[in-house]
Amino acid sequence: MIVAPSVLSLDYSRMNEQMQEVNASGAQWLHFDVMDGHFVPNLTFGPDILKGFCKLSSLFMDVHLMVDDPRKVCDFFLPAGADMITFHIEAVEPEKIRELAEYLHSKGVQAGLAIKPNTPLELLKPYLHDFDMFLIMCVEPGFGGQAFNEGAPERISTLRSWLNEEGLDTHIEVDGGINAETAVKVKEAGADVLVAGSYIFKDDIRKAVKSLG
Ligand code: DX5
Ligand code: ZN
């Protein structure tokens, strides 16, 4: 199980200290939420902030783009230290989705495709072979600290069965409302990458990461 703390919930007045805790926690990835104020009603980080995190940590940098134009925005994050770039299926024309995955691969990073809770899961089917990871959102994207969508486990197990039928061991990442309780449900359903923000940063970081892993 891969745990990916979401730095959206980090206390930026204690960034160094909290990143030392994250580095020592056993987490393997760092989840970095990019929001443009259009695709979601919130605004977050640019590439220089990612460069700063790369200096503070050698964890795998998992960049989640919640932006209207991921083709344009990914070019800012490719040279800034991203190891994986995930964009939303809702943000890209169907005929451009595979092309963007291929572009990311050609730049030497992994590619992920994210889907919001109310978007039909079937829309992922044509792309099962094109991505290293699918991100099942368990809240409406935009903010940390929201309640887990109880419909998510069924979507995860359906997607896991489609991937198994194709002989693929692609990552399934979950994001939103993950804590020790909901982690059990998503793991059982077939997720293998758990993003958590408010749960990890609210108190004892190491203990929280261990309780998810
Ligand atoms: C929400 C972001 C998440 C967020 C999750 O749109 O994509 O990564 O940090 O926060 P929690 O774990 O607090 O729900
Ligand atoms: Zn995210």
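Refer to the preceding data block for the structure.
Read on for a plain summary of the structure.

Basis of the calculations
- Residues numbered from 1 in each chain as written.
- Chains lettered and ligands numbered in written order.
- Predicted model: local features only at pLDDT ≥ 70, side-chain atom pairs only at ≥ 80, totals over all residues.
- Heavy atoms only, no water.
- Helix = DSSP H or I, 4+ residues; strand = E, 2+ residues; numbered from the N terminus.
- Buried < 20%, exposed > 50% of the residue type's maximum accessible area, 1.4 Å probe, protein only.
- Donors = N, O, S within 2.8 Å, 3.2 Å for Na, K, Ca; no water.
- Tetrahedral: all angles 85-135°; square planar, octahedral: opposite > 155°, others 65-115°.

## Observations concerning the environment of K125
Inference 1: Assignment of secondary structure puts K125 in the loop between β5 (110–115) and β6 (133–137).
Inference 2: Judged by its relative accessible area of 42%, K125 falls in the partly exposed class.
Inference 3: The spatial distance from the C-alpha of K125 to the C-alpha of A147 is 27 Å, given a sequence separation of 22 residues.

## Structural notes on the coordination of the zinc ion (ligand 2)
Inference 1: Donor atoms from the polypeptide that bind the zinc ion (ligand 2) are H31 (NE2), D33 (OD), H64 (ND1) and D175 (OD), placed at 2.0 to 2.3 Å.
Inference 2: Each of the 6 donor atoms around the zinc ion (ligand 2) contributes to a set of angles spanning 69 to 170 degrees, which defines the coordination as octahedral.
Inference 3: Look at where the donors of the zinc ion (ligand 2) fall in the sequence and you get H-x1-D-x30-H-x110-D. Here D175 lies in strand β7 (residues 171–175) and H31 lies in strand β2 (residues 29–35), a separation of 144 residues in the sequence. Both residues of the pair, H31 and D175, count as buried.

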